[in-house]
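A look at the structure
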Amino acid sequence: MSLNELTDLELVERLQRGEDAVFDELMARYKHPVVNFCYRLLGDAGDADDVAQEVFVRVYQHIGGYRPRGKLSPTRRGCRVPQFSTWLFALARNACIDRLRYRKRHPTEPLEGVPEPVTTAQYDDVGEHIAAAIAELPEEQRTAIVLAEYHGLSYAEIAAVMKCSEKSVESRLYRAKQTLRQRLIALM
């Protein structure tokens, strides 16, 4: 059986047993979704690539402590551990939040002669309008909408990533969609 036929759980278990070669398969499966997720939260392709790399380093370093869904965590008594993709997106979200905090503490000055970023009024594509509107949402709403709409996660999975209740996810998604609807109607 080739590595691409194995489930995430099988790959994780083999990685935990020391088969480092399977890590490449996990990266191949999740690199694009993680970079995409990071880009949608950070709005910068370079930062998204850097953060995604940091996330995969963290995965490799901490895979020994990961236990699949349904198995009890040895360190958190009575707690169930989420499936691999949920755990991975939670790591990515935390890394993105760290990067956003870093940006706030270390603002950059634009270089003279470098054109200013394109404003949403200058976009000529509906997809770009949507991406710009999503980028302007508060972090918690942006995370919820990206996980739901772009990655197809359920409310329960989003709640696990965001460490909140499903009701809170529902509320954040509702507010995000209302805000997006208002902004996009104004742009159209």
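Residues numbered from 1 in each chain as written. Predicted model: local features only at pLDDT ≥ 70, side-chain atom pairs only at ≥ 80, totals over all residues. Heavy atoms only, no water.

Side note on the packing of aromatic side chains
We count it as follows: Within 6.5 Å between ring centres, the rings of Phe, Tyr and Trp (the latter by its six-membered ring) count as paired, and their orientation is classed by plane angle as stacked under 30 degrees, edge-to-face over 60, tilted in between. Helix numbers and strand numbers start at the N terminus; a helix is a DSSP run of H or I with at least 4 residues, a strand a run of E with at least 2. Only protein chains enter the accessibility calculation, which uses a 1.4 Å probe; a residue whose area is less than 20% of its type maximum is buried, one above 50% is exposed, and one in between is partly exposed. For a Lys NZ or an Arg CZ to count as sitting over a ring, it must be within 6 Å of the ring centre and within 35 degrees of the ring normal.
For the structure on display, the rule yields 7 aromatic pairs. Centre to centre, the rings of Tyr 66 and Phe 84 are 6.1 Å apart; their planes meet at 85 degrees, and the pair counts as edge-to-face. Taken together, the residues span a long stretch of sequence, with Tyr 66 in the loop between α3 (45-62) and α4 (84-105) and Phe 84 in helix α4 at a distance of 18 residues. Both residues of the pair, Tyr 66 and Phe 84, count as buried. An aromatic cluster of at least three residues, connected via ring pairs, comprises Tyr 30, Tyr 66, Phe 84 and Trp 87. When the ring centre of Tyr 150 is taken as reference, the NZ or CZ atom of Arg 40 above it lies at 3.7 Å.

Here we look at the side chain of His 151
Note the threshold: Here, residues are in contact when the closest pair of their heavy atoms is within 4.5 Å.
Within the fold, His 151 resides in the loop between α6 (139-150) and α7 (155-162). In contact with His 151, other than residues within four places in its own chain, are Pro 33, Asn 36, Phe 37, Phe 89 and Val 146.

Considerations on the packing of α4 against α6
Test applied: Only the contacting stretch of a helix is used when fitting its axis, a line to C-alpha atoms as for every element, and angles between N-to-C directions run 0 to 180 degrees. Working rule for handedness: look at the near helix, and if it is turned counterclockwise from the far one by less than a right angle, call the crossing left-handed; if clockwise, right-handed. Note on residue categories: nonpolar means Ala, Val, Leu, Ile, Met, Phe, Trp, Tyr, Cys or Pro, charged means Asp, Glu, Lys or Arg, and polar means any other residue, Gly included.
For the pair α4 and α6, interaxial distance at closest approach is 12 Å and the crossing angle is 145 degrees. Crossing handedness for the pair α4 and α6: right-handed. For the pair formed by α4 and α6, the contact residues are Phe 89, Arg 93, Ile 97 and Leu 100 on the first element and Glu 139, Glu 140, Arg 142, Thr 143 and Leu 147 on the second. Its residues assigned to classes, the contact of α4 with α6 comprises 4 nonpolar, 1 polar and 4 charged.

What to know about the confidence of the model for the protein
As a reminder of what qualifies: pLDDT: the predictor's confidence for each residue, scored from 0 to 100.
For the protein, per-residue confidence averages 83 on the pLDDT scale, and residues scoring 70 or more make up 82% of the total. Taken element by element, the protein is modelled with least confidence in helix α5 (residues 126-135), mean pLDDT 81, and with most confidence in α3, mean pLDDT 94. The low-confidence segment residues 72-81 (pLDDT under 50) makes 17 contacts with residues lying over four places distant or belonging to another chain. Here residues 118-123 is a poorly scored stretch, pLDDT under 50, and it has 9 contacts once near neighbours within four places are set aside; other chains count.

A closer look at the nonpolar core
Worth spelling out the cut-off: To form a nonpolar core, buried Ala, Val, Leu, Ile, Met, Phe, Trp, Tyr and Cys residues must be joined to one another through side-chain atoms within 4.5 Å.
Ranked by internal contacts, the top residues of the largest apolar core, which has 50 residues, are Val 34, Val 55, Val 59 and Phe 84. Looking at this core, the elements that each hand over two or more residues are α1 (8-16), α2 (22-42), α3, α4, α5, α6, α7 and α8 (166-187).

Topic: unusual backbone geometry
Unusually for a residue other than glycine, Lys 163 sits at a positive phi of about 55 degrees. Note that Lys 163 resides in the loop between α7 and α8.

Some thoughts on α6
Test applied: Here the expected length of a helix is defined as 1.5 Å per residue gap, with one fewer gap than residues.
If you check α6, its first and last C-alpha atoms are 16 Å apart, about what 12 residues at 1.5 Å a residue would give, namely 16 Å. Judged by how many residues are buried, α6 sits mostly within the fold: 9 of 12 residues are covered. All of the buried residues along α6 are Glu 139, Gln 141, Arg 142, Thr 143, Ala 144, Ile 145, Val 146, Leu 147 and Ala 148. Of the residues trailing α6, Gly 152 is marked for its positive phi of about 65 degrees.

A closer look at the packing of α5 against α6
Quick note on the threshold: In these notes the angle categories are as follows: under 35 degrees is roughly parallel, over 145 is roughly antiparallel, 65 to 115 is roughly perpendicular, and the rest is oblique.
For the pair α5 and α6, interaxial distance at closest approach is 9 Å and the crossing angle is 140 degrees. The angle between α5 and α6 places the two elements in the oblique class. Every residue of α6 that contacts α5 at Ile 130, Ile 134 and Ala 135 is listed here: Arg 142, Ile 145, Val 146 and Tyr 150. Tallied by class, residues from the contact of α5 with α6 come to 6 nonpolar, no polar and 1 charged.

Some words on the environment of Gly 18
With respect to the element layout, Gly 18 can be found in the loop between α1 and α2. Counting along the chain gives 46 residues from Gly 18 to Gly 64, while the straight-line C-alpha distance between them is 9.5 Å.

A few points about the environment of Lys 177
The topology assignment puts Lys 177 in helix α8. A residue is classified by how much of its surface remains accessible, and Lys 177, at 34% relative accessible area, is partly exposed. In this view, Lys 177 contacts Ile 145 and Glu 149; residues no more than four positions away in its chain are not counted.

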